[in-house]
Amino acid sequence: MNKIDIEEHIQNKNFTTPETVLVDDRVRTLNYADTFVVFDRWGDIRTGDANVQGLFHEGTRFLSFMKFKLFDKQPFLLHSIISEKNEILNIDLTNNEIFLDGELLVAHAKVHIERTKFLSNGICYENVELYNHSKWPIDLKISFEFEADFKDIFEVRGYERKKRGKYFDIKESGPENIFLGYKGLDDIERRTEIHFDPQPDFKSKREVIYYISLGPKQRFSIQNSIKCVIGDKDFKIIGFQNAYNQIVNEHEKSKESIASITSSNERFNHWVNRSQTDLVALTAHTPQGKYPYAGVPWFNTAFGRDGIITALETMWVAPDIAKGVLGFLSARQATHSDDFEDAEPGKILHEARSGEMAELREVPYKLYYGTVDATPLFLILAGSYYKRTGDIDFIRSIWPNIEAALGWIDNYGDLDNDGFIEYHHKSENGLLNQGWKDADNAIHHANGDLADSPIALCEVQGYVYDAKNKTAMLARAVGRDEMADKLESQAQTLKVNFNKTFWDDELKTYVLALDKDKTPCRVKTSNAGHCLFSGIADEKYASILAETLLKDDMSTGWGIRTLATDASRYNPMSYHNGTIWPHDNAMIAFGLAKYGFPGKVLDLTTRLYNAVMFIDLQRFPELYCGFEERLGQGPTPYPVACSPQAWSVAVVFMLLQSCLNLDINALEKKVYLNQPILPPFLSTLEIKDIKIGNSVLTIKLYRYQADVGIDVLQKDKDWEVIVIK
């Protein structure tokens, strides 16, 4: 192995980058707030040391094995799919040939078995319905087997613990229940309670059996409920049908808070609908409001950066998400220094975890602050939310948090007082790299050598520039004019210095970063595209950068790669060094629109549309491989990508906003569409119930050969829609 290969090998064993864990792209996932489950296509859970399947709740696997059998064998799989509304997993099975003493007892495909599963409030509900399609009565043996290893999710990802807690049996189980228990080293009891209806004919600690006689054309149903219990935090099992009605109502109510988007293209509509339902499923309801969890399976919890970017992507269609994210992060903003947590006063959260290992501080992620960009992005979100809604009362309520975030940038972010914001990790088990590309090998020089920290990333300087400008707007809104003037001056100075220092004439892009010696990392990356998103790019460089990003070495037919093909570390299968990340592309598209490149926005949007049409369920995963487009084939999946992933499912909304160049300004009560365009796959587009003030806006757009027509179907009389051609 050469040096780079050895480093890749070592990094792939790091539990924070779960590249060695088995994830079959044919698994089926369901998620509900703090609970998610990964099944195989049969609706079972396979066991194994490197298998991510299981029922997880608050960072612990409560079910590690589940097997449904017909006559002690796995039934024949017909089909399994997640429903359009994303709340139900349906599996259709049938029987294989069944023999008794060498004689055919039941011919193949005489019994239809339908399994229906969903999650609600820490409980996995299932209905198993059997139907006899033959002309004769059939006697069946049905069994369910279970195991619970109660592993922390970091153990599932590969972290080896020297010591674990103790398993125990709970004696008060009734005839229709199975109880599995574990007391962790954190002294917290975790229990898996499995309830069956009707009562099984046989029950042991790990198995139940039913003996069923089915007459011709007769049905029989079995329901089970698997409940996750942590200490005194218990949920009530309310029955399959009641729970199903409850989650359907919850989903419909949640979707009402998102503007409705329909078009002339049914495949595009499916993409939008899937994105909306995924977004709803990933969104947890916290005391501070809605918060989109990052993604299933690895990141089904609150991440600062991910939540903020998802809120920015959806700001124009669902501003309530931004309010919830700001409130949640304000409540968990660091107030002290703690090297173990990479915490400093004013810093915004990177991630929050529950689970035994987090409670014991075996990992630093209970409240972990190892991110350099969440803090300026928090300020960008606050400013964007205020402009979008005019909600000055909420801004006043988090103003101390806004000032604290600014204080972190000025007092802790610039480690060497050169005017740029750097990161350097302090936590031994924390993240080495602390931008959005946080893999250990993501930040490097042209020869492949890894950059030494402190590291100043190009996109982070842009975030700080945007943050100071948007916070200046907020400062004026709360009567702090002197502070606003200072922030605007700081932002302008940063922009000048950034363009002098980071621009590379030979590469025709901004360098990735500066290392500890201020040596530029001279590689072409997608990070530079975020400098368009933030507005820090000088006008004279913006058009050059836009061309660079869409050239063949950076782009494929499926989108912009994270790293150019001529880079020494380029690998289309590497997490951050050659793959394609949908959210990354959406932010670049937004930047292209900001600088007035509608043709390039159209190009990039079309590439992403073409990609998602090939992807299972029209659901953008966290990332996919950066191979060249092959005729008639879709993008190559990345084996351990999270799906659904919040900032990926929200991509469609930011792409649409970029195409329309839509800006909602509640302070002026105006909606701007600046040189709007529609991609070639949309003839018409209708957007209903966009929240503006106390009313809603509905518009319909028509694509013509050289223009876009717009009808305003509904709006508040005090608001104005301005179309700039």
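Residues numbered from 1 in each chain as written. Predicted model: local features only at pLDDT ≥ 70, side-chain atom pairs only at ≥ 80, totals over all residues. Heavy atoms only, no water.

Some words on the overall build of the protein
Reasoning step 1: Secondary structure assignment for the protein yields 18 helices and 35 strands.
Reasoning step 2: Relative to a compact globule of 725 residues, whose C-alpha radius of gyration would be 27 Å, the protein shows 27 Å and is just as compact.
Reasoning step 3: Along the three orthogonal principal directions, the C-alpha set of the protein runs to about 85 × 60 × 50 Å.
Reasoning step 4: Out of the 725 residues in the protein, the part that is buried amounts to 61%.
Reasoning step 5: Accessible surface, the protein as shown: approximately 27,800 Å² in total, 48% of it carbon and sulfur. (Helix = DSSP H or I, 4+ residues; strand = E, 2+ residues; numbered from the N terminus. Rg over C-alpha atoms; globule rule 2.2 N^0.38 Å. Buried < 20%, exposed > 50% of the residue type's maximum accessible area, 1.4 Å probe, protein only. Areas by Shrake-Rupley, 256 points an atom, 1.4 Å probe, with all protein chains shown as cover.)

Notes on the pattern of salt bridges
Reasoning step 1: The final tally for this structure, using the stated rule, is 45 salt bridges.
Reasoning step 2: The closest approach of N and O atoms between K183 and D187, which form a salt bridge, is 3.3 Å.
Reasoning step 3: The partner of E628 in a salt bridge is R561, with the nearest N and O atoms 2.8 Å apart. Taken together, the residues span a long stretch of sequence, with E628 in the loop between helix 16 (598-614) and helix 17 (646-649) and R561 in the loop between strand 29 (559-560) and helix 15 (582-594) at a distance of 67 residues. (Salt bridge = Lys/Arg side-chain N within 4 Å of Asp/Glu carboxyl O.)

Quick word on the sheet that holds strand 5 (residues 65-70)
Reasoning step 1: Taken together, four strands build an open sheet; the order of strands is 5-12-17-16 and the sheet is antiparallel. The two strands at the open ends of the sheet, each matched to only one other strand, are strand 5 and strand 16 (202-203).
Reasoning step 2: In terms of strand pairing, strand 5 meets strand 12 (residues 138-147) through six bridges, oriented antiparallel. By the bridge assignment, L70 is partnered in strand 12 with I142. (Pairing = 2+ DSSP bridges.)

Quick notes on helix 5 (residues 304-313)
Reasoning step 1: Among the ten residues of helix 5, ten are classified as buried, and the element is accordingly described as predominantly covered.
Reasoning step 2: Those residues of helix 5 not exposed but buried are G304, R305, D306, G307, I308, I309, T310, A311, L312 and E313.

Considering the nonpolar core
Reasoning step 1: Counting residues in each nonpolar core, the largest one holds 182 residues, and the members touching the most others are I261, F268, W316, I443, Y510, L685 and I687.
Reasoning step 2: Not counting residues within four places of it along the chain, the set of residues in contact with I443 comprises Y423, N433, K437, L450, A451, I455, L457, L512, A513 and C521.
Reasoning step 3: With 52 residues, the next largest nonpolar core counts V37, L180, I194 and F240 among its residues. (Core = buried A, V, L, I, M, F, W, Y, C linked by side-chain atoms within 4.5 Å. Contact = heavy atoms within 4.5 Å.)

A word on helix 18 (residues 651-660)
Reasoning step 1: Helix 18 sits mainly inside the fold: ten of its ten residues count as buried.
Reasoning step 2: Looking at helix 18, one finds that the buried residues are V651, V652, F653, M654, L655, L656, Q657, S658, C659 and L660.

Focus on unusual backbone geometry
Reasoning step 1: Of the consecutive residues D197 and P198, the connecting peptide bond is found in the cis state with omega at 5°.
Reasoning step 2: With respect to the helices and strands, P198 occurs in the loop between strand 15 (189-197) and strand 16.
Reasoning step 3: The phi torsion at A33 lies on the positive side, around 50°, for a residue other than glycine.
Reasoning step 4: Checked against the element boundaries, A33 lands in the loop between strand 1 (28-32) and strand 2 (35-39).
Reasoning step 5: A positive phi angle is found at R361, which is not glycine, with a value near 60°.

A closer look at the pairing of strand 14 (residues 177-183)
Reasoning step 1: The element strand 14 is extensively covered by neighbouring structure, given that six of its seven residues are classed as buried.
Reasoning step 2: Where strand 14 meets strand 15, seven bridges bridge the pair, whose relative direction is antiparallel. Along strand 15, the bridge assignment pairs I178 with I194.
Reasoning step 3: Between the end of strand 14 and the start of strand 15, which pair antiparallel, lie five residues, with D187 showing a positive phi angle near 70°.

Side note on the sheet that holds strand 30 (residues 662-665)
Reasoning step 1: Strand order in the open sheet formed by three strands is 30-31-35, with mixed pairing between adjacent strands. One side of each edge strand has no neighbouring strand; the edge strands of this open sheet are strand 30 and strand 35 (720-724). In this sheet, adjacent strand axes meet at a mean angle of 15° when their direction is disregarded.
Reasoning step 2: Pairing of strand 30 with strand 31 (residues 670-674) involves four bridges; the strand directions are antiparallel. When the bridges of strand 31 are listed, I664 appears paired with V671. (Axes fitted to C-alpha atoms, helices over the stretch in contact; angles between N-to-C directions.)

Digging into the packing of aromatic side chains
Any aromatic ring pair is given by two values, namely how distant the centres are and how the planes are angled relative to each other.
Reasoning step 1: With the rule as written, the count across this model stands at 37 aromatic pairs.
Reasoning step 2: Summarising the aromatic geometry, the rings of F154 and Y365 are spaced 5.3 Å apart at their centres and angled 15° between planes, so their arrangement reads as stacked. Taken together, the residues span a long stretch of sequence, with F154 in helix 2 (residues 153-156) and Y365 in the loop between helix 7 (356-359) and strand 23 (367-368) at a distance of 211 residues. Grouping residues by exposure puts F154 and Y365 together as buried.
Reasoning step 3: Here a set of aromatic residues connected by ring pairs shows up, and it is made of F268, W271, Y609, F620, Y624 and F681.
Reasoning step 4: Its end group placed over the ring of F328, R332 keeps NZ or CZ at 3.7 Å from the ring centre.
Reasoning step 5: Lying over the aromatic face of F627, R630 brings its terminal NZ or CZ to 5.7 Å of the ring centre. (Phe/Tyr/Trp six-rings, centres within 6.5 Å; stacked < 30°, edge-to-face > 60°. Lys NZ or Arg CZ within 6 Å of the ring centre and 35° of its normal.)

What about the pairing of strand 21 (residues 289-292)?
Note on strand geometry: in a regular strand, side chains alternate between the two faces of the sheet.
Reasoning step 1: Judged from the four bridges that link them, strand 20 (residues 283-286) and strand 21 form a sheet pairing that is antiparallel. Bridged to A284 within strand 21 is Y291.
Reasoning step 2: Between strand 20 and strand 21, which pair antiparallel and follow one another directly, the connecting turn spans two residues.

Focus: the environment of G448
Reasoning step 1: Structurally, the position occupied by G448 is in the loop between helix 10 (399-413) and strand 24 (456-457).
Reasoning step 2: Taking C-alpha positions, G448 is 9.3 Å from Y570, a pair spaced 122 residues apart along the chain.

So, the confidence of the model for the protein
Reasoning step 1: When pLDDT is averaged along the protein, the result is 93, and 95% of the positions lie at 70 or above.
Reasoning step 2: The low-confidence segment residues 1-25 (pLDDT under 50) makes 50 contacts with residues lying over four places distant or belonging to another chain. (pLDDT = per-residue confidence, 0-100.)

Some details on the environment of T262
Reasoning step 1: Here T262 lies in strand 19 (residues 260-263).
Reasoning step 2: Overall, T262 belongs to the partly exposed group, its relative accessible area being 36%.
Reasoning step 3: As a C-alpha pair, T262 and E686 span 424 residues in sequence and 5.4 Å in three-dimensional space.

Thoughts on the packing of helix 8 (residues 374-389) against helix 11 (residues 458-477)
Reasoning step 1: At a closest axis distance of 8 Å, the pairing of helix 8 and helix 11 adopts a crossing angle of 45°. When the axes of helix 8 and helix 11 are compared, the pair comes out oblique. For the pair helix 8 and helix 11, the sense of crossing is left-handed. Facing P376, L377, L379, I380, A382, G383, S384, Y386 and K387 of helix 8, the residues of helix 11 in contact are Y463, V464, D466, A467, K470, T471, M473, L474 and A477. (Parallel < 35°, antiparallel > 145°, perpendicular 65-115°, else oblique. Left-handed = near helix turned anticlockwise from the far one by under 90°.)

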